[in-house]
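# Structure at a glance
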Amino acid sequence: QMRGRPAYVAELHSQSNDVLSFIYEVDSTVRSFIDAETGQSRLFKRNGKEGPRQLDDSIEFDYDRKREDGTPEPASVYTKIRKGQSKPNAARPIPGALQDSLSIIYYMRHLALDKTGDAHQILIGSRKATDIATVTVVGFEQLKLSKLGTFDCVKVEPKGDAEAERANLVMAKGNAIFWLEKNTHIPLMAKVDIDITMVGSITMSLVNAEQTRLPEHAVARDE
């Protein structure tokens, strides 16, 4: 429950292996609290370590906030936690419903992604600004996943504007590609370039899909 409304919680845990940890140790958890009815982000939290940075902060999106005279004024509040003490920044007005850098992956599933070139602009909330991410269909192709089968996919690229790049969002530099199953838009694979010397990019593939409609859309199944 977020401010009396039901919410889904999406969690992404990242941990570097022994080799990468010598260069850039990662052991972090990101959580997005997504409004179950509207799909907009309600709260974005980070904890853990990424390289030299210790992460322990959050951004809350308060869409019900009002001024003293009762005028609606949605706002976001960025909070750092240091040594167990919360240090919230002043509330910053926001234009309306926002996504965060994790919830956008789920929000993409609701978009019309019918032909190459289809593009949608999505407002992204960060700690300093409201940014615009453009999700563009860059093509269609088949993708084979071990144990799950082969699927027809729509290939999309979320790309942030200059403000998003400065905010260091996941999709900010135009260096993330997602393969979504064509019918359900379930994410099957993602390739993300990361700004770490000698590493280049990481690839994430779906390995399990219980209680979904995905199996019925396989164009070929592994024996």
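Just so you know, these numbers come straight off a predicted model, no measurement behind them.

Here is what the cut-offs are and how they apply
Residues numbered from 1 in each chain as written. Predicted model: local features only at pLDDT ≥ 70, side-chain atom pairs only at ≥ 80, totals over all residues. Heavy atoms only, no water. Helix = DSSP H or I, 4+ residues; strand = E, 2+ residues; numbered from the N terminus. Buried < 20%, exposed > 50% of the residue type's maximum accessible area, 1.4 Å probe, protein only. Contact = heavy atoms within 4.5 Å. Areas by Shrake-Rupley, 256 points an atom, 1.4 Å probe, with all protein chains shown as cover. Pairing = 2+ DSSP bridges. Axes fitted to C-alpha atoms, helices over the stretch in contact; angles between N-to-C directions. 1 Å grid on protein atoms, 1.4 Å probe; cavity = no way out; pocket = protein on both sides within 12 Å on 5 of 7 lines; lining within 4 Å. Points joined across faces, edges and corners; volume = space filled by probe spheres on them. Nonpolar A, V, L, I, M, F, W, Y, C, P; charged D, E, K, R; others polar. Salt bridge = Lys/Arg side-chain N within 4 Å of Asp/Glu carboxyl O. Patch = residues over 30% accessible without salt bridge, like charges linked within 9 Å, V, L, I, M, F, W, Y side chains within 5 Å. Lys, Arg positive; Asp, Glu negative; His and termini not counted. Charge placed at Lys NZ, Arg CZ, Asp CG, Glu CD. Polar contact = N/O pair within 3.5 Å; in protein donor to acceptor, adjacent residues only side chain to side chain. pLDDT = per-residue confidence, 0-100. Core = buried A, V, L, I, M, F, W, Y, C linked by side-chain atoms within 4.5 Å.

### Quick notes on the overall build of the chain
- A tally of helices and strands in the chain yields three helices and 13 strands.
- Considering the chain as a whole, with its 223 residues, one finds that 39% of them fall into the buried category.
- Looking at the chain alone, contacts between residues at least 24 apart form 43% of all its contacts between residues at least 6 apart.
- Of the accessible surface of the chain, which amounts to about 13000 Å², a share of 48% is contributed by carbon and sulfur atoms.

### Some points on the sheet that holds strand β13 (residues 201–205)
- Pairing in this open sheet of six strands is antiparallel, and the strands run β8-β9-β10-β11-β12-β13 from one edge to the other. Each edge of the open sheet carries a strand with a single partner, namely β8 (119–125) and β13. Along the sheet, successive strands turn relative to each other by an average axial angle of 25°, direction set aside.

### Some details on the layout of surface pockets
- Put simply, the second largest pocket is a space of about 350 Å³.
- Lining the second largest pocket are 15 residues, and of these Tyr8, Ile34, Tyr106, Arg109 and His110 sit closest to its centre.
- Of all elements in the fold, only β1 (7–15), β2 (26–35) and α2 (103–107) reach the threshold of two or more residues within the lining of the second largest pocket.
- The class makeup of the residues in the lining of the second largest pocket is seven nonpolar, five polar and three charged.

### A few points about the environment of Asp56
- The topology assignment puts Asp56 in strand β4 (residues 53–62).
- Expressed as a C-alpha distance, the spacing of Asp56 and Lys83, which sit 27 residues apart in the sequence, is 9.8 Å.
- If sequence neighbours within four positions are ignored, Asp56 has contacts with Arg46, Asn47, Thr79, Lys80, Ile81 and Arg82.

### Thoughts on the pattern of salt bridges
- Throughout the structure, instances matching the rule amount to 15 salt bridges.
- A salt bridge links Arg42 to Asp35; the shortest N-O distance between them is 3.2 Å. The two residues Arg42 and Asp35 agree in class, both being buried.
- The salt bridge involving Asp57 is made with Arg46; its shortest N-O contact spans 2.7 Å. Within this pair, whereas Asp57 is found in strand β4, its partner Arg46 is found in strand β3 (residues 41–50), the two being separated by eleven residues in sequence.
- When its relative accessible area of 8% is taken as the criterion, Asp57 is described as buried.
- Within the structure, one salt-bridge network assembled from shared partners comprises Arg5, Asp35, Glu37, Arg42 and Asp64.

### Regarding a positive patch on the surface
- Taken together, Lys80, Arg82, Lys83, Lys87, Arg127 and Lys128 make up a surface patch of like positive charges.
- Look at Lys83 and you get exposed, because its relative accessible area is 87%.

### Looking at the side chain of Asp100
- Relative to the elements of secondary structure, Asp100 occurs in the loop between β7 (92–93) and α2.
- No salt bridge is formed by the buried Asp100; its nearest oppositely charged neighbour, Arg46, is found at 10 Å.
- A polar contact of 2.6 Å, which involves the side chain of Asp100, links it to the backbone nitrogen of Ser103.
- If sequence neighbours within four positions are ignored, Asp100 has contacts with Ser32, Ser41, Leu43, Phe44, Ile124 and Gly125.

### Looking at the confidence of the model for the chain
- Looking at the chain as a whole, the pLDDT averages 87, with 90% of positions reaching at least 70.
- In this model, residues 165–174 is a region of pLDDT below 50 whose contacts with residues beyond four sequence positions or in other chains number 25 contacts.

### Thoughts on the nonpolar core
- Judged by nonpolar contacts, the single largest core of 16 residues is most densely connected at Ile104, Met108, Leu113, Val135, Val156 and Phe178.
- For this core, the secondary structure elements donating two or more residues are β8, β9 (130–145), β10 (149–160), β11 (176–181) and β12 (187–193).
- In this structure Met108 touches Leu113, Val135, Val156, Pro158, Phe178 and His185, once residues within four positions along its chain are discounted.

### Things to note about the pairing of β12
- Where β11 lies against β12, five bridges are found, and the strand directions are antiparallel. Residue Ala176 lies in a different strand from β12, and its bridge partner there is Val192.

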